[in-house]
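# Observations on chain architecture
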Amino acid sequence: MSTRIAERFAACAKEGRPALVTFVMSGDPDPATSEKILAALPGAGADIIEFGMPFSDPMADGPGIQLAGQRALASGQTLHKTLDQVKRFRAMDADTPVVLMGYYNPIYIYGVESFLADAVAAGVDGLIVVDLPPEEDDELCIPALAAGINFIRLTTPTTDDKRLPAVLKNTSGFVYYVSMNGITGGAIKSNAAVGESVRRIKGHTDLPVAVGFGIKTAEDAAIFGRDADGVVVGTALCNALGSSLENGKATAGTVAAVTTLVEGLASGVRRARA
Amino acid sequence: MIDDAIRPNSLRNGPDEQGRFGQFGGRFVAETLMPLILDLEKAYRAAQADPAYVEEVRFLGEHYTGRPSPLYFAERLTEHLGGAKVYFKREELNHTGSHKLNNCIGQILLAKRMGKTRIIAETGAGQHGVATATVCARFGLPCTIFMGATDVARQRPNVWRMKMLGAEVRAVTAGAGTLKDAMNEALRDWVTNVEDTYYLIGTAAGPHPYPEMVRDFQSVVGTEIKAQMLVAEGKLPDALVACVGGGSNAIGTFHPFLDDTSVKIYGAEAGGHGIDIENGHASSMTGGRPGVLHGNRTYLLQNGDGQILEGHSISPASTIRASARSTPSCTIAAALPTRRSPTRKRWPRSSFARGSRASFRRWKRRMAWRCCKRSRRPCARTRPLCCVSRVAAIRTWNRSASISGWRCNEYPYC
């Protein structure tokens, strides 16, 4: 089993701060720029990278990530290219964990076995597949764990204590707590409820718990990082990237637009428990 | 007929406990929705076992929908085709004008049992939206309908009907603005309002138990056909034909006949520009392959990277599954139902996609040539295709196209 994720969470805990998990869409706005962003993320302060696998029908995503996926697909991004990008990133950076996040159909069409083999070869550490609940574990989760790739599961406000053990059963790497019932980029109604839920989940598992959906600024990162072992930021980065484009094309400021925001967020997580 | 009880391997079994029909079906949804879907399954099982619920569905079917719908012997079409006796199952005579109400009644009663206070639904051409808006008005529940912006523009009359019934219609601009995108947006709304909202899916799609529920509620169509054919002909039909858009009409028609091996079953999909042309048709079963979308594994039109294609059909509801899935929308009890809108005697120009107009021109040229050829050697089968006026030609095209797979013959009512 890949151990980079566990090591990175442990290192952050040692520093007394939550990990910053950043989501960017592979191929957004074009494969070359996307690769530059990927390479620049660790330097800007990202502890763990979620690399989006674009899908034509992202049912759990809000407009920010939908648009990122559309830009990526329009630029010709495919799952093969995403894996190639991770491979080249891994050649430069042996430590930063990379988690692929997306939907099941592209993986299913790629072929689960060959996808896992290629993902292992590329140096992928984990997978988050939104539309694969525990009830469908045989599809990808069990084979992924057998191949040595972490399968990170989402838990949500609707996952009650009765269901939680089933959700946590085959989860590894970390637990991704979805801060609200909704789509990515929505508004969190109650900060206190999120903190309470994180503590509740931690009562059921030793895995690190990261909070995502709705975290946009360094202040948010500082607030939610108090209780959680990690904070995930995605929509805000996709929006920053989107607003740096001109006529849909990358500009000189595109990479910086993302890294500047990541630097701010990195300072936020460092303030969380200060 | 062999007694069902002694038949060991019925094709009517399923789904299994995982909601699978063989490799198809399943529950491919985000975790937020899983607890709700498990609750829904429990509620449905409890309702099925409750005679009061079963009776209420039946009662409303009879007195509100107007069931049973007639099985009509289409004498002129039978004569024209010169072969089989053709019967139409007249689902368009139901209240709201389609088979969609059968399913909506069953599901809204379930939603009420579950204590849900808000209903959402997706719609392509608008028939399911109208049926949902109708049952919501009947039971006093607020209703939001998601409809692709492209479909909103080309299906105005149904949008008005939904609004008159008190529904909020949200035009979805994401993607191509058709049914697939409407369903994505409905799922996004559902995930956001999961506590109080019931998602009333109208097609044989979505996570388990939706395909099973839609099948069960629509099977009344096939069950009636069976009984009515026995009265009319004293035997089962030799063949069933239903168009395949999203799937509710076809599965409802076919399911009661699946174990009757003497009955041939035909599904007609929208052929668009031809099934060899990528993204140029809406034949997900003939020209697609299995994939996972909207909560279930089914036949999808998709590219080599697993991205879902929009597909092409001049019928909104066929593009539905064009893009997405693999089940149908209208019935011929031994033939095909031609259905025309009371509000639209002619096809509005706007409903012709540019490609479709081109297809039509090509078709007209081909037909003209066939007419010339036929004048030398008359052929009964193609006789009515001689028509020259544009309107008549379009009407004929509607019919012949339905047969040859050009379009869903229930347009614009799927």
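The structure reproduced in this document is the subject of the present report.

## Here we look at the overall build of chain A
- Looking only at helices and strands, chain A has 12 helices and nine strands in total.
- Against the 2.2 N^0.38 benchmark of 19 Å for 274 residues, chain A shows a C-alpha radius of gyration of 17 Å, consistent with a compact globule.
- In terms of overall dimensions, chain A has C-alpha extents of about 45 × 40 × 35 Å along its principal axes.
- Residues classed as buried in chain A amount to 62% of the 274 residues present.
- Residue pairs in contact within chain A that sit at least 24 positions apart in sequence constitute 74% of those at least 6 positions apart.

## Overview of the sheet that holds strand β2 (residues 48-52) of chain A
All names here are of chain A.
- Taken in spatial order, the nine strands make up an open sheet running β5-β4-β3-β2-β1-β9-β8-β7-β6, and their pairing is parallel. Lying at the two open borders of the sheet, with one neighbouring strand each, are β5 (150-151) and β6 (154-155).
- Where strand β3 (residues 98-102) meets strand β4 (residues 126-129), four bridges bridge the pair, whose relative direction is parallel. Residue glycine 102 lies in a different strand from β4, and its bridge partner there is valine 129.
- Along the sheet face, helix α2 (residues 31-44) touches β1 (19-25) and β2 and points at about 165° away from the line of β2.

## Topic: the environment of A:Asp131
- The topology assignment puts A:Asp131 in the loop between β4 and α7 (141-147).
- Judged by relative accessible area, A:Asp131 falls into the buried class, the value being 4%.
- A sequence separation of 72 residues divides A:Asp131 from A:Met59, and the C-alpha atoms of the two residues are 8.7 Å apart.
- In this structure, A:Asp131 is in contact with A:Met59, A:Tyr103, A:Tyr104, B:Phe28, B:Val29, B:Ala30 and B:Val292, ignoring residues within four places of it in sequence.
- Among the polar contacts made by the side chain of A:Asp131, one reaches the main-chain amide nitrogen of A:Tyr104 at a distance of 3.0 Å.

## Thoughts on the pairing of strand β2 (residues 24-28) of chain B
Residue and element names in this part refer to chain B.
- Counting buried residues in β2 gives four out of five residues, a clear majority hidden from the surface.
- For strand β1 (residues 20-21) and β2, the ladder comprises two bridges, and the chain directions are antiparallel. Paired with arginine 20 across the two strands is glycine 25, which belongs to β2.
- Turn length for the β1-β2 hairpin, with the two strands adjacent in sequence and antiparallel, is two residues, and the turn residue glycine 22 shows positive phi of about 65°.

## Brief notes about the pattern of salt bridges
- Tallying each qualifying case throughout the model produces 38 salt bridges over all chains.
- In this structure, A:Glu35 engages A:Arg88 in a salt bridge whose closest nitrogen and oxygen atoms are separated by 2.5 Å. Placement of the pair is A:Glu35 in helix α2 and A:Arg88 in helix α4 (residues 79-92), with a sequence separation of 53 residues.
- Exposure remark for A:Glu35: the relative accessible area of 23% places this residue in the partly exposed category.
- B:Asp181 serves as the salt-bridge partner of B:Lys180, at 3.8 Å between the closest nitrogen and oxygen.
- Among the residues examined, B:Lys180 registers a relative accessible area of 2% and is labelled buried.
- In this structure, a network of salt bridges that share partners links the residues A:Asp57, B:Lys180, B:Asp181 and B:Glu310.

## Details of the packing of α2(A) against helix α12 (residues 254-271) of chain A
All names here are of chain A.
- Closest axis-to-axis distance for the α2/α12 pair is 9 Å, and the angle between their directions is 25°. Taken together, α2 and α12 sit at an angle that is classed as roughly parallel. Like other packed secondary-structure pairs, α2 and α12 cross with a definite hand, here right-handed. Here Thr33, Lys36, Ile37, Ala40, Leu41 and Ala44 of α2 come into contact with α12, specifically with Thr254, Val255, Val258, Thr259, Val262, Glu263 and Ala266.
- When grouped by side-chain class, the residues that make up the contact of α2 with α12 number eight nonpolar, three polar and two charged.

## Regarding the packing of aromatic side chains
All names here are of chain B.
- Using the criterion set out here, one finds 14 aromatic pairs over all chains in the structure.
- Aromatic pair tyrosine 199 and tyrosine 210: ring centres 6.4 Å apart, planes at 55°, arrangement tilted. Here tyrosine 199, found in strand β8 (residues 197-199), pairs with tyrosine 210, found in helix α9 (residues 210-233); they are 11 residues apart in sequence, far enough to count as distant. Here the two residues tyrosine 199 and tyrosine 210 agree in accessibility, since each one is buried.
- Three or more aromatic residues link up through ring pairs in this structure, and these residues are Trp190, Tyr198, Tyr199 and Tyr210.
- The positively charged end of lysine 85 is found above the aromatic ring belonging to phenylalanine 73, 5.3 Å away from the centroid.
- Against the face of tyrosine 72 rests arginine 90, its NZ or CZ located 5.6 Å from the ring centre.

Rules behind the numbers
- Residues numbered from 1 in each chain as written.
- Chains lettered and ligands numbered in written order.
- Predicted model: local features only at pLDDT ≥ 70, side-chain atom pairs only at ≥ 80, totals over all residues.
- Heavy atoms only, no water.
- Helix = DSSP H or I, 4+ residues; strand = E, 2+ residues; numbered from the N terminus.
- Rg over C-alpha atoms; globule rule 2.2 N^0.38 Å.
- Buried < 20%, exposed > 50% of the residue type's maximum accessible area, 1.4 Å probe, protein only.
- Contact = heavy atoms within 4.5 Å.
- Pairing = 2+ DSSP bridges.
- Axes fitted to C-alpha atoms, helices over the stretch in contact; angles between N-to-C directions.
- Polar contact = N/O pair within 3.5 Å; in protein donor to acceptor, adjacent residues only side chain to side chain.
- Salt bridge = Lys/Arg side-chain N within 4 Å of Asp/Glu carboxyl O.
- Parallel < 35°, antiparallel > 145°, perpendicular 65-115°, else oblique.
- Left-handed = near helix turned anticlockwise from the far one by under 90°.
- Nonpolar A, V, L, I, M, F, W, Y, C, P; charged D, E, K, R; others polar.
- Phe/Tyr/Trp six-rings, centres within 6.5 Å; stacked < 30°, edge-to-face > 60°.
- Lys NZ or Arg CZ within 6 Å of the ring centre and 35° of its normal.

Honestly, it's all geometry; don't read function into it.
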